[in-house]
Amino acid sequence: MKGLIVDDSTPDKPRLMLAHIPKPKISESELLIRVRVSGLNRSDLGLTPDHYAPNTVVGTELAGEVVEVGASCSGFSEGDRVMALSSGSHAEFAKVDHRIAVKLPDDIDWQTAASLPAWFMTAYDALITQGKLRAGETVLIQGITSGVGQAAAQLAKLNGAKTVIGVARSQDKLDQLTSEEVDQTFAMKDGWAEAVREATGGQGVDLIIDMVGGGALNGNLQALAICGRMVAVGRLGGASDTLDIGMLAFKRAQITGVTFRSRNIEEKAAIARAFASHIIPLVVAGKLKPRIDRIAQLAEAGAAQELMRDNKHFGKILLAIV
Ligand SMILES: NC(=O)c1ccc[n+]([C@@H]2O[C@H](COP(=O)([O-])OP(=O)(O)OC[C@H]3O[C@@H](n4cnc5c(N)ncnc54)[C@H](OP(=O)(O)O)[C@@H]3O)[C@@H](O)[C@H]2O)c1
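All residue numbers refer to position in the chain's written sequence, counted from 1. For a predicted model such as this one, the threshold for reporting local features is a pLDDT of at least 70, and the threshold for listing and counting side-chain atom pairs is 80 or more; totals across whole chains, interfaces and linings nevertheless cover every residue. Derived side-chain values reflect all non-hydrogen atoms in the structure, with water molecules and hydrogen atoms excluded from consideration.

The next thing to look at is the overall build of the protein. Every helix listed is a DSSP run of H or I at least four residues long, and every strand listed is a run of E at least two residues long, numbered separately from the N terminus. Counting secondary structure elements, the protein contains 10 helices and 15 strands. This radius of gyration counts C-alpha atoms alone. The globule rule is 2.2 Å times how many residues there are, raised to the power 0.38. Its C-alpha atoms give the protein a radius of gyration of 20 Å, within 12% of the compact-globule value 20 Å for 322 residues. Projected onto its principal axes, the C-alpha positions of the protein cover 60 × 45 × 35 Å. Of all 322 residues assigned to the protein, the portion counted as buried reaches 54%. Note on exposure labels: buried denotes an accessible area under 20% of the residue type's maximum, exposed denotes more than 50%, and partly exposed covers the range between, all computed with a 1.4 Å probe on protein chains only.

Bringing the pairing of strand β5 (residues 81-85) into the picture now. Most of β5 sits out of view: five of its five residues are buried. A two-sided burial pattern is seen for β5, the buried positions comprising R81, M83 and L85 on one face and V82 and A84 on the other. Pairing of β5 with strand β7 (residues 101-103), which is carried by three bridges, proceeds in the antiparallel orientation. Looking at β7, one finds that M83 is bridged to V102. Any two strands with at least two DSSP bridges between them are considered paired.

Taken together, the side chains of L243, I245 and I255 define a hydrophobic patch exposed on the protein surface, amounting to about 260 Å² of accessible area. As for its position among the elements, L243 is in the loop between β12 (224-232) and α7 (245-251). Each patch is built from salt-bridge-free residues with over 30% relative accessible area, joining like charges within 9 Å and nonpolar side chains (Val, Leu, Ile, Met, Phe, Trp, Tyr) within 5 Å. Only the protein chains shown count as cover for residues, and the accessible areas themselves come from Shrake-Rupley with a 1.4 Å probe. Any carboxyl oxygen of Asp or Glu that lies within 4 Å of a side-chain nitrogen of Lys or Arg is treated as forming a salt bridge with it.

For the structure shown, the criterion picks out 16 salt bridges. Residue E266 pairs with R99 through a salt bridge whose shortest N-O separation is 3.4 Å. On the criterion of sequence distance, the pair formed by E266 in helix α8 (residues 265-278) and R99 in the loop between β6 (93-97) and β7 is long-range, its members being 167 residues apart. By relative accessible area, E266 is classed as partly exposed at 44%. Judged by relative accessible area, which is 32%, R99 ranks as partly exposed. The network of salt bridges with shared partners includes K13, R15, E306 and R309.

Our next topic: the site of the ligand. We call a residue near a molecule or strand as soon as one heavy atom of that residue lies within 4 Å of the molecule or strand. Taken together, 22 residues form the shell around the ligand, and within it T145, V148, R169, K173 and H313 come nearest. Nitrogen and oxygen atoms within 3.5 Å of one another constitute a polar contact, given that in protein one can donate a hydrogen and the other can accept it, and given that sequence-neighbouring residues count only through two side-chain atoms. R235 places a main-chain nitrogen or oxygen 3.2 Å from an oxygen atom of the ligand. A distance of 3.2 Å separates a nitrogen atom of the ligand from a polar atom in the backbone of L236. The fraction of the free accessible surface of the ligand (920 Å²) that becomes covered by protein chains is 87%. When residues of the shell around the ligand are traced back to their parent elements, those giving at least two are α2 (117-130) and α3 (147-158).

In this section: the domain arrangement of the protein. Taken as a whole, the protein is organised into domain 1 (2-116 + 263-320) and domain 2 (119-257). Taking only C-alpha atoms, the centre of domain 1 and the centre of domain 2 are 27 Å apart. Between two residues, a contact is recorded if the distance between any of their heavy atoms is within 4.5 Å. Taken together, the 24 residues of domain 1 in the interface contact 19 residues of domain 2. What gets called buried area is simply the loss in accessible area from a 1.4 Å probe that two parts show on being joined, summed for both. Here domain 1 packs against domain 2, burying approximately 1900 Å² in sum over the two surfaces, 62% of which is carbon and sulfur. Considering only the side of domain 1, the residues that lose the most area to domain 2 are L288, R291 and F314, jointly responsible for 30% of the buried surface there. Where a domain begins and ends is set by an automatic assignment or by a domain database.

With that out of the way, let us pick up α3. The end-to-end C-alpha separation of α3 is 17 Å, in line with the 16 Å expected for 12 residues at 1.5 Å each. Burial runs high along α3: 10 of the 12 residues are buried. Along α3, the positions that sit buried rather than exposed are G147, V148, G149, Q150, A151, A152, A153, Q154, L155 and A156. Summarising the contacts, the buried residues of α3 are in contact with α2, β8 (138-142), β9 (163-168) and β11 (205-210). The N-cap of α3, judged by a side-chain oxygen 3.1 Å from the amide nitrogen of G149 a few residues on, is S146. A helix is expected to span 1.5 Å for every residue after the first.

Along the chain, H313 turns up in the loop between α10 (301-309) and β15 (316-320). Ignoring any residue separated from it by four or fewer positions in sequence, one finds H313 in contact with R42, K173, D293, L307 and M308.

In this section: the environment of T256. Following the sequence through the fold, T256 ends up in strand β13 (residues 254-257). Considering only alpha carbons, one finds T256 and Q130, 126 residues apart in sequence, at a separation of 7.5 Å. Here T256 is in contact with Q130, M230, V231 and A232, once residues within four sequence places are set aside.

With that settled, consider the nonpolar core. If you look at the biggest cluster of nonpolar residues, it comprises 52 residues, and the most contacted ones within it are M83, F120, I141, I209 and F275. Residue contributions to this core peak at eight residues, all from α2. Split by domain, the residues of this core number at least three in each of domain 1 (2-116 + 263-320) and domain 2 (119-257). Excluding residues within four positions of it along the chain, I141 makes contact with G149, A152, A153, V164, I165, G166, V167, I209 and M211. Core analysis: the next-biggest nonpolar cluster, separate from the first, contains 30 residues, V35, Y52, C73 and A304 among them. Nine residue types can take part in a nonpolar core, namely buried Ala, Val, Leu, Ile, Met, Phe, Trp, Tyr and Cys, and a core is a set of them joined through side-chain atoms within 4.5 Å.

This is how it looks when you write it as structure tokens:
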């Protein structure tokens, strides 16, 4: 079958490369999926040998049809339309543990489906499960122009946030956000945290969902209300920063983080179930809408990867497989 592997001959810029590789063989708890569309993610940029084995198909989310069902998989049949956050998605066929596969209603098309798992599972986990958003709270999305940021913003609005504030570098992208996503936006430049405090009457925000990490930490703390919470999701600005512990103590703030990598299959299955119950109905109702930047062919994946590396996209970059 055709699939994308990593050409790491330039280690600082590993490149997705089209290759012919064997079709995967499923275990009894897995489904074989004929992939229709897969989603390109930031995890496809910084691929290092720690993240993939040589000649292994990469990619982390997909939408497609079940073509084979493992002996112990209950609830799935050949022909089912599914989506999943699962490895090896950039190929004609992928195997997915049935516990993390989510059935796809007829009224969600392949492209929308492949845009949902990474962004909306992450955003739901960060905002609702870990962030414990309560109705009437003020939420700040740091890095709102990212896909997870847009998903978190849409979800915050639908889950009773009083005000959603977005911060990002690109004014042009901020200007394209809708009132279904955000109430107020601030460009990330000097003084942004004071501007957010002023906009909240000096109180600060109750909850921050942070996609930026390095470089944003102390501004975030400054923008946070007393007893506010912050959930670290992304590391667009880097994976480390210097924490002002005095400010943390003064704010009596809580900081937590989310990732899928350290979760076992049961924990991942719980996220997939929450996604099926709380996200899919809102997508069907037209209330949650992933923004799609473009759809590329598998052979164009290297160029799509460059576009993402240069932050020239706004919305999901999809790969059309079949
Ligand atoms: N924890 C998890 O489970 C999880 C799951 C999925 C994703 N993530 C992480 O979440 C982050 C967002 O992922 P995504 O797929 O939503 O991204 P995305 O859709 O590719 O969006 C990235 C956007 O972020 C902005 N950006 C890039 N570098 C930045 C920087 N240094 N400072 C501020 N903004 C920056 C850019 O917009 P501007 O033009 O406005 O700068 C860029 O368009 C990534 O770090 C990703 O690895 C984490």
